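Geometric and topological summary
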Amino acid sequence: MNKNIAVGIDLGTSTSEICIFRGKEPQMVSDPGSKSPIVPSLVACNKRGELLVGEDARPWVDIPGQGVREVKRKMGTAEKVRLLDKEYRPEEISAVILKKLKDNAEQMLGQTIKEVVLSVPANFPDAARQATLDAGDLAGLKILRLINEPTAAALAFGIKNIGSEEQIVVFDFGGGTLDITVLEMMEGILDVKASFGDTQLGGKDFDEALIDLIISNFSKQYPGVSIPDRARAALKGEAEKCKVALTTKPRYESTVPSFGFMRGDPLDLEIDLSRGQFEEAVGPLLDRARECIRQALKAKKIRPSAIDRVLLVGGTTYIPCVRRLVQEMFGKNPSIDVNPDLAVAMGASVQAAIATDIISPEQGVILTDVSPFGLGIPIVTSFGGRDILVYESLINPNTTIPYSVKKVYSLLHANQDTVDIRLYQDHTGNAKLMEDVKDTGVNASIKKIPPAPDGKPHPLEIEFSYDVNGIARLEAVIPATKQRVNLVYSNTGNRMSEEDKIKAKEKVDDLWTKSPLAKRYEGMIEKAKNLVPTLGGDKKTALQTALRDLLNALASGDNAKSEKAGDFLADFLFDLETEGR
Amino acid sequence: MAADYYSVLEVKQNATAEEIKKAYFRQVRKHPPEKEPELFMTIRAAYDTLSDPKARKNYDDMQKHGGEVQELMAEVDQFMKDGKWDQASKKLKKVVVLAPSTEAAWNLLGICFLRLQQYDRAEQTFTDLVKRSPDVALYRSNLGHVFLEQGDRAKEDRDRSDWGRRAREHFRKAVELEPFNPDTYISIARTYQLQRDYENALAWCERGVTATPNAPPDFEVLFYMCEIYLIQGQTDMIDKTAKRIMASLPAGNDDARKYAAMRFAQFALELYKAKIYVLAEPLFKAALKFDPHNEDIRVLAEYTTSTIAADKEFTAMKEDYQIVEPIRGLVIYYLADVYGEKIDNKQQIFDNIITEITQAYQPDIASSVRRLRKVYPNSYKLNPEAFDKILEMAENPAYQGYGGYGGEEPYCFIVTATFGTPQSREVQRFRDFRDQYLLNNPLGRWFVATYYRFAPYLADFIRTRPWLKRLCATLLGFLAKFLP
C-alpha cells in the first residue's frame, strides 16, 4: 500500500462512503457503477443468486429473504439476518459492504489498500464498536482507529479552516443515529467537549413513520383490507422516495398497483401526501431530537448563543423540518460548510492521514477526543448504616483522553484474604448502581492476602489510565504486602473468538464469490474443478494450486490479485487444451 | 499539589478565562495528546480546573489555605462526634470564610444549624447548596429535613401538614437523584405521617423496602412501618411486619436477631417509660420473637400485658358489687398511676382510700381482695404486695375495728411503706435493661426523637379507643369521690 495514501470509510446505516487522502486533501471515491460516491448500504441477491451491493441491490433488497437493509442498526447484537438459504451475523453483512467500498477504491487507485480509519456514531455502544472492528477484519482490512462520526465531520471542516476560532456543534443525523457533538476549534486544534446522542433515532424512523401513515390511510380508505407482508416490505423503498421528494416538493403522489386485497380483489395504493402531513407524522421523532439537543447543551452548560457554527451531517439533515428544528434550538442558520453525505468519510481519511503522519503534527490539525463511555469498578459503600455495592467511576463518559487517575480504597475488614476487581462500563454518565452499568468481563483478583497486623483493613491503591486508542489499564496494589494485579481493557478485548472469525471469514468469502466480479471467473472455475479428477501427478497438483489461488484471491476481494490468478489459471487451462490436441 | 496549574499553562494567577483558553490550545499544539500523553494529561487537568470558575476558585482557596482548612475540619469532626454543635459551627464558619467553595463544610454547617434549631439559617445554607449543586441528593434531603423537623415540633395539625408538604418536595427530588437510598423513602413517609396520610406513608415505605437493589428488604424501613402501624393501632400488622423482618434476616445469624430484638425492645421501652403500655406491648412481643430467651424483655412484656389486661378487667369489675368500693378505688388508683394520669392531691387521695378501707367492714374487705385475686388477677398484679397486706390485715382480728378508728401511727406507717411504690420490682428490671442496652448507645438518641414525634398521636390513640377513653373518665370520676 502506497505510503502517501490514507483511507477513511463511513460505514453508514443507509449509505456508505470511502475517501482517500492523497497529497494535501481528501478525495471521494465514486462507485464505478452508479458514478456516485454515495453507496447505499444495501446487500441483496438477484434471481440468479448473484451478490449485489449498493445501488445495484436496490431492486431486490426489499424482497423478503433476498436483501438486507440497515444492518448497522443490528451491529453488536446477536440478531441474525437471512440472505437466501443462510443466516448471517450483522458484522458479516457489514464486511460485504466494506469489501465493496474497498473494491471501488482499489479500482480507482489501481493498488490494494489495507489500512483504514472507520467511523462509528459517537454514542455507539462498545459491543457495536467491537462488531465494527470485526467487520473490518472480515473484510481483510486493518483498522487504524475508529473515529466518532461527528468528530470526523468536524475534522473535514477543520482541515479546510485551520485558522478559525469558534465553538462548533456537529448535528449528525444519519439513517440510524443522532449524535450531537460540541467542540471548540482554535489554532488548528479541535477540542471535543462532549457528545450526546440517541442511538436509536435516525432517518429510517422517519421512513417507518411514513409507512405507518400510508398504511393507516389505506386501511381507513378500505376498511377490512388485507395487506400481504411482501407489499408492506416493498413500501420501504416507496417511503424513502416520498421522504426525499418532500424535502424539495410540497406534495408527493404515486401509485402502487395491487397493494392490498379485499375479498380476493386487488386494490391499488394511491399515495398522496403533503409535506405538512409528513411533518405531523414525524412530530414525535422531532421531539426526541429536540430533547437530545437540550441534554447536550445542558450537560456542558452551553448557551446556544455561544455556538458559532452548526455543521449538518447525515442525510436526515436535508429534511426541512429538521433544519427548522436546528435553527430554532440554536438560534442560527445551520452551516453548509461540509457536505452532509461526505463529510464523515472525508474526516475519517484526514484522521488516517494524521495517524500515518501524512499530515504532520506540527502544522496540521490536531484532535483531542473524549471517551465514548465511562469505566469503573464496584465498591462497597455505607448508606445510612447499610453497606451496599455501588458503581465507582474511574473515568466518566465525555472525559478528554488520554486520562489517568489514582485512588485509594480500603479492604472491608482486616482478615479479608481476597479482593476481586472487575471493570464495568457506564453509558449514562451518572451511573451509581451496578444495575446502571455493564460488565466488561475484564477482572482480576488479589488472593491470599495476609491479615492486617494492626486490625485495620489494608489500603488498596488503584491506578487507572485510558489512552487515545481506547485502551484502559488498571493496576491495583496493596502497598503493605506488595501484592498487585493488572487489568487491561481494550475495545479489541471482547470480540468474536478466533474460531468464530475463521468461520465467519469463510462465509463472507463464500458470499463474496457470488459477486459479479467473481462471476466473471465462474465458468473457468467450474471447468477447472471438472478437470481436476481427470488429471494426475504434477499437473493435478498444479491445477489445484492455481484454482485455490484464484479462489483465495477472489475471496480476499483483491482485484489485482484475482486478475493475476485468473490469467494464470486461464493460461494453465489453455495449455491443457492445446496440449490435448 | 503535584504541579501548579498556572505554571503548567504558563499563565499568570490573575489570567482571564480567555487567556487560559488560549494558553491551553497553545500547550496542546506544543504537546499533542498522541505524542506526549503524560504531559497532555497534566495540561488538560490544569485546563479543566482553571476553566471552570467554581473549580478554579476552589483550587485557589486550597492553594492558599489548604493546611489551615484541614486542621479546622479535623476539629469540626471531633466536635460533631461529641454533639457539640455550637463549637463545631464556629469552626465551620472559619472554614467557609477561608474557602467559600468547600461544599462539604457548608453542608456540615447546615447540619449544625439544624441541630441548634436555627432553622432559618439551616434552610438558607441548604438552599444555597442545592442551588450550587442541584444534582447532589444529600443537600436536597438535608433541606427536606429542615422542614420535616419543624413539622415534628409544630403543634397545630395544619402547620404540620404544611411543613410536611414543603419537606416532601425536596425529598422527592432526592429520591429522583438517588433512588436506591431507603432513608429518603422513610423521610417521604414521615412527611405523609405529619399529614396523617398513613396510606401514602406506607406506600412509600413499601417502595423503600426494596429500594436498594441486590439487598435484603430494608430493616429500617420495615421497622419504621411498625411505627405507623402502631399509630394506627394495627397491632396485627406489627406482628406481620416483624415476620417479614425475620424472613429477611440472614439465617443462623444470632447477632442480627439480637440486634432486631434490641431495636424493638428499645422502642417499646421508650413507650413504656411514657407509660403507653398498650403500644409498648406489641413491640415487646415482637422483640421476644427475635430473641425468645431474653429474660428482661420477657418480664417487661408480661408486665405490659397484665397492665393492659387490668384495664380490660376494670370494665367488668366496675359493676361487680362483690368487691367493695374502697378496693375498687385502690385498683383505679394504681391504674391511674400506671397510666401516668396526672392526679392532684395524690397523697391525700391515697390516704383517703386507705382510711376508707380500714374503716370498712373487714370481712367484706377480705372477701373483696380474695375475689380480686381470683377473678381479676391482672388488677391484683398491679400491686400484689399491697393487696396481700390488706388481706392479711383484714383477716387479722387485731385490726378488727369496725366503726372504730384504728388510727395508730405505726400502722399507718407500715401501710404507706408497703403501698408507696407500685411496680417497684419492674422498675428495677427496667433500669437494669436500660443500663445494659440503651445507655452509651448512639441509637439511644434517636429514640428521644422517636418519642417526640410520637407524642402528638397519643391523643388520637385514646380518642379512637372508647374503652380507654371511658377508663380515663371513670378513673377521674372515681378518684374525685375521694377528694377532700
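The rules behind the values
- Residues numbered from 1 in each chain as written.
- Chains lettered and ligands numbered in written order.
- Predicted model: local features only at pLDDT ≥ 70, side-chain atom pairs only at ≥ 80, totals over all residues.
- Heavy atoms only, no water.
- Axes fitted to C-alpha atoms, helices over the stretch in contact; angles between N-to-C directions.
- Helix = DSSP H or I, 4+ residues; strand = E, 2+ residues; numbered from the N terminus.
- Parallel < 35°, antiparallel > 145°, perpendicular 65-115°, else oblique.
- Left-handed = near helix turned anticlockwise from the far one by under 90°.
- Contact = heavy atoms within 4.5 Å.
- Nonpolar A, V, L, I, M, F, W, Y, C, P; charged D, E, K, R; others polar.
- Core = buried A, V, L, I, M, F, W, Y, C linked by side-chain atoms within 4.5 Å.
- Buried < 20%, exposed > 50% of the residue type's maximum accessible area, 1.4 Å probe, protein only.
- pLDDT = per-residue confidence, 0-100.
- Buried area = accessible area lost by both parts, 1.4 Å probe.
- Salt bridge = Lys/Arg side-chain N within 4 Å of Asp/Glu carboxyl O.
- Polar contact = N/O pair within 3.5 Å; in protein donor to acceptor, adjacent residues only side chain to side chain.
- Phe/Tyr/Trp six-rings, centres within 6.5 Å; stacked < 30°, edge-to-face > 60°.
- Pairing = 2+ DSSP bridges.
- Patch = residues over 30% accessible without salt bridge, like charges linked within 9 Å, V, L, I, M, F, W, Y side chains within 5 Å.
- Areas by Shrake-Rupley, 256 points an atom, 1.4 Å probe, with all protein chains shown as cover.
- 1 Å grid on protein atoms, 1.4 Å probe; cavity = no way out; pocket = protein on both sides within 12 Å on 5 of 7 lines; lining within 4 Å.
- Points joined across faces, edges and corners; volume = space filled by probe spheres on them.

Residue and element names in this part refer to chain A. In contact at an axis separation of 10 Å, helix H13 (residues 522–531) and helix H14 (residues 537–556) are set at 150 degrees when each is read in the N-to-C sense. Comparing their axes, H14 and H13 come out roughly antiparallel. Where H13 crosses over H14, the two elements pack in a sense that is left-handed. Where H13 approaches H14, its residues Ile 525, Ala 528, Lys 529 and Leu 531 are matched on the opposing element by Leu 543, Leu 547, Leu 550, Leu 551 and Leu 554. For the contact of H13 with H14, the class distribution of residues is eight nonpolar, no polar and one charged.

If you look at the biggest cluster of nonpolar residues, it comprises 83 residues, and the most contacted ones within it are Phe264(B), Leu283(B), Phe284(B) and Phe290(B). With near-sequence residues (within four places) excluded, Leu283(B) lies in contact with Leu230(B), Ile238(B), Phe264(B), Phe267(B), Ala268(B) and Leu271(B). With 52 residues, the next largest nonpolar core counts Ile214(A), Leu273(A), Ile293(A) and Leu297(A) among its residues.

What follows concerns the confidence of the model for chain B. Caution applies to low-pLDDT regions: their predicted coordinates should not be interpreted in detail. All names here are of chain B. Counting all residues, the mean pLDDT for chain B is 78, and 79% of those residues have values of 70 or more. The secondary structure element of chain B with the lowest average pLDDT is helix H22 (residues 409–419), at 34, and the one with the highest is helix H7 (residues 119–132), at 95. Counting interchain partners and residues more than four positions distant, the pLDDT-below-50 stretch residues 400–456 has 97 contacts. This prediction of the complex comes with two scores: 0.68 for pTM and 0.74 for ipTM.

A few words now on the interface of chain B and chain A. The partner chain A presents 31 residues to the 28 residues of chain B that form the contact. For the pair chain B and chain A, the two sides together bury roughly 2600 Å², of which 59% comes from carbon and sulfur. Where chain B touches chain A, the interface holds four salt bridges. The residue Glu34(B) makes a salt bridge to Arg145(A) at a minimum N-O spacing of 2.9 Å. Counting the contacts that link chain B with chain A gives eight residue pairs in polar contact (both at pLDDT 80 or more). Counting only elements with at least two residues in the side of chain B that touches chain A, the list comes to helix H2 (17–30), helix H3 (37–50) and helix H10 (182–194) of chain B. Counting residues per element, the side of chain B that touches chain A draws most heavily on H2(B), which supplies eight residues. Across the side of chain B that touches chain A, the residue classes tally to 13 nonpolar, three polar and 12 charged.

Turning to the packing of aromatic side chains, a few remarks are in order. Residue and element names in this part refer to chain A. Going through the model one piece at a time under the given rule, you end up with 17 aromatic pairs over all chains. Here the aromatic rings of Phe 218 and Phe 259 are separated by 5.3 Å at their centres, their planes lie at 80 degrees, and the arrangement is edge-to-face. Here the residue Phe 218 occupies a position in helix H5 (residues 203–221), and Phe 259 occupies one in strand S15 (residues 251–262), the gap between them amounting to 41 residues. Each member of the pair, Phe 218 as well as Phe 259, carries the same accessibility label: buried.

Quick look at the sheet that holds strand S27 (residues 483–489) of chain A now. Across a sheet, strands are paired by hydrogen bonds formed along the backbone, either parallel or antiparallel in direction. Residues and elements named next belong to chain A. Read from one edge to the other, the open sheet built from four strands follows the order S22-S25-S26-S27, with strand pairing classed as antiparallel. Here the strands that pair on one side only, and so sit at the sheet edges, are strand S22 (403–410) and S27. Ignoring strand direction, the axes of neighbouring strands in this sheet form an average angle of 15 degrees. Bridge count between S22 and strand S25 (residues 459–466): eight bridges; the pairing is antiparallel. When the bridges of S25 are listed, Tyr 403 appears paired with Tyr 466.

It is worth spelling out the packing of helix H5 (residues 85–98) of chain B against helix H6 (residues 103–115) of chain B at this point. Residues and elements named next belong to chain B. In the contact formed by H5 and H6, the axes pass within 9 Å of each other and the chain directions differ by 150 degrees. Regarding the angle of H5 to H6, the classification is roughly antiparallel. Of the two possible hands of crossing, H5 and H6 adopt the one that is left-handed. Residues Trp 85, Ala 88, Ser 89, Leu 92, Lys 93, Val 95 and Val 96 of H5 form the contact with H6, whose own contacting residues are Ala 105, Trp 106, Leu 108, Leu 109, Cys 112, Phe 113 and Arg 115. Classifying every residue of the contact of H5 with H6 gives 11 nonpolar, one polar and two charged.

Here we come to a nonpolar patch on the surface. Residue and element names in this part refer to chain A. A contiguous nonpolar patch, built from Val 380, Leu 389 and Leu 412 and spanning about 270 Å² of accessible area, is present on the exposed surface. Structurally, Val 380 is set in strand S19 (residues 374–383). Under the relative-accessibility criterion, Val 380 is labelled partly exposed at 37%.

Moving on, we come to empty space enclosed by the protein. Residue and element names in this part refer to chain A. According to the stated counting rule, one finds six cavities of 30 Å³ or more in the structure shown. Here the largest cavity is characterised by a volume of approximately 110 Å³. Looking at the lining of the largest cavity, the elements with two or more residues in it are helix H10 (343–355) and strand S18 (366–370). Looking at the lining of the largest cavity, its residues break down into seven nonpolar, one polar and three charged.

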